[in-house]
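Residues per chain, in single letters:
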Amino acid sequence: MIFLMPIYFVIALVGIYQLMKVYEGRHKWLRFFLLAFLFYLPVGWDVLLGRAYFHYLCHKDGGVHIYQTVELDSENWYADGSPKFYDIKGNFDEDYFEGRYIQVDIFRGHDFKTQLPILRDLIRVIDTDSGLVFGEVISYLYIGGWVINTWQPFSTRGQRCPRLSDYPEPSELQDNPLVKGIGPKWYRKFTSYIFLNKNNKEVE
């Protein structure tokens, strides 16, 4: 489809030119822009609506949401204050809590449905005993209009909101794998807002 766009562009220009020739009134530039917009709609309607809806969703519920916290005794932290419930790579260690708390990554969740080019990703921490969701990260991905994604061999780069860079930077403690450039990007940007040090009320 992307290869047919130059042909459609030529047809649109010819159509606009012919329609402008029969119009002799004032405000020709206004008529020109109106015609250009009408010719754009068949190929770009989902871009206009998609981007608007994408930004609406992002500001509506995108980001980190903490619904319930868990206060843990000091035995769950090392002497330097770093948590024990991360593995050596910096990922949340479900085995530490013996499966009581699990992190579920729901990428491209099917419960979110729209005809527009938007996808939703979820990361959740769930208490398996109660089934309650203690917190979640919601992000949206805009993947571009139907024209750019149809019948062309090149992958298109989507736009994500919120971005990882929108969240607070991780600590500078040397236990943080990100300091060494080997850790996951979500380290301490989510679960450390749920599991708090009972003595400090928060994890630094």
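You'll find the structure just up there.
Throughout what follows, the structure given in this document is the object of discussion.

1. Focus on the nonpolar core
Membership of the largest hydrophobic core comes to 15 residues, with the highest contact counts inside it found for Leu-72, Phe-85, Phe-97, Tyr-101 and Phe-195. Where this core is concerned, the elements lending two or more residues are β2 (70-72), β4 (118-127) and β5 (133-142). Not counting residues within four places of it along the chain, the set of residues in contact with Phe-85 comprises Leu-72, Asn-76, Trp-77, Asn-91, Phe-92, Asp-93, Tyr-96, Phe-97 and Phe-195. By size, the runner-up hydrophobic cluster in this structure holds 11 residues, among which are Phe-54, Leu-116, Ile-118 and Tyr-140.

2. A few points about unusual backbone geometry
The amide bond that connects Cys-161 to the next residue, Pro-162, takes the cis arrangement and shows omega of -10°. Looking at the element boundaries, Pro-162 is found in the loop between β6 (159-161) and β7 (195-197). At Glu-98, a residue that is not glycine, the phi angle is positive and equals roughly 55°. With respect to the element layout, Glu-98 can be found in the loop between β2 and β3 (101-106).

3. Thoughts on the side chain of Thr-191
By the element assignment, Thr-191 lies in the loop between β6 and β7. Of the polar contacts made by the side chain of Thr-191, one reaches the side chain of Tyr-86; its length is 2.5 Å. Among all residues touching Thr-191, those that are not within four sequence positions of it are Tyr-86, Phe-92, Gln-103 and Val-125.

4. Brief notes about the packing of aromatic side chains
Per the stated rule, a full pass over the model turns up 15 aromatic pairs. Geometrically, the ring pair formed by Phe-92 and Phe-195 is stacked, given 5.5 Å between the ring centres and 15° between the ring planes. In this pair, Phe-92 sits in the loop between β2 and β3 while Phe-195 sits in strand β7, placing the two residues 103 residues apart along the sequence. Across the pair, Phe-195 and Phe-92 agree in class, each one buried. Look at Phe-97 and Tyr-101: their rings are 5.2 Å apart centre to centre, the planes differ by 85°, and that puts the pair in the edge-to-face class. The residues Phe-97 and Tyr-101 share a single accessibility class, namely buried. Ring-pair connections join several aromatic residues into one group, and the members of that group are Trp-77, Phe-85, Tyr-86, Phe-92, Tyr-96, Phe-97, Tyr-101, Phe-134 and Phe-195. A cation sits over an aromatic face here: Lys-84 above Tyr-78, 5.4 Å from the ring centre.

5. As for the pattern of salt bridges
Tallying each qualifying case throughout the model produces six salt bridges. A salt bridge links Asp-121 to Arg-160; the nearest nitrogen and oxygen atoms lie 3.1 Å apart. On the criterion of sequence distance, the pair formed by Asp-121 in strand β4 and Arg-160 in strand β6 is long-range, its members being 39 residues apart. Judged by relative accessible area, which is 32%, Arg-160 ranks as partly exposed. Through salt bridges with shared partners, a single ionic network connects Arg-100, Asp-127 and Asp-129.

6. Things to note about the pairing of β5
The buried fraction of β5 amounts to nine of the 10 residues, a majority that puts the element mostly inside the structure. Sheet analysis places strand β1 (residues 63-66) next to β5, joined by four bridges and oriented antiparallel. Looking at the pairing, Gly-63 lines up with Ile-138 of β5. The pairing of β4 with β5 spans nine bridges and is classified as antiparallel. The partner of Val-125 across the bridge, within β5, is Gly-135. Taking the residues between adjacent antiparallel strands as the criterion, β4 and β5 are bridged by five residues, where Gly-131 takes a positive phi near 80°. Relative to β6, β5 runs antiparallel, the two being bridged by three bridges. When the sheet's bridge partners are listed, Leu-141 is paired in β6 with Arg-160.

7. Points about the environment of Gln-115
Relative to the helices and strands, Gln-115 is located in the loop between β3 and β4. Residue classification places Gln-115 among the exposed positions, given a relative accessible area of 77%. Taking the C-alpha atoms as reference points, Gln-115 and Gly-50, 65 residues apart in sequence, are found 9.0 Å from one another.

Parameters and conventions
- Residues numbered from 1 in each chain as written.
- Predicted model: local features only at pLDDT ≥ 70, side-chain atom pairs only at ≥ 80, totals over all residues.
- Heavy atoms only, no water.
- Core = buried A, V, L, I, M, F, W, Y, C linked by side-chain atoms within 4.5 Å.
- Buried < 20%, exposed > 50% of the residue type's maximum accessible area, 1.4 Å probe, protein only.
- Helix = DSSP H or I, 4+ residues; strand = E, 2+ residues; numbered from the N terminus.
- Contact = heavy atoms within 4.5 Å.
- Polar contact = N/O pair within 3.5 Å; in protein donor to acceptor, adjacent residues only side chain to side chain.
- Phe/Tyr/Trp six-rings, centres within 6.5 Å; stacked < 30°, edge-to-face > 60°.
- Lys NZ or Arg CZ within 6 Å of the ring centre and 35° of its normal.
- Salt bridge = Lys/Arg side-chain N within 4 Å of Asp/Glu carboxyl O.
- Pairing = 2+ DSSP bridges.

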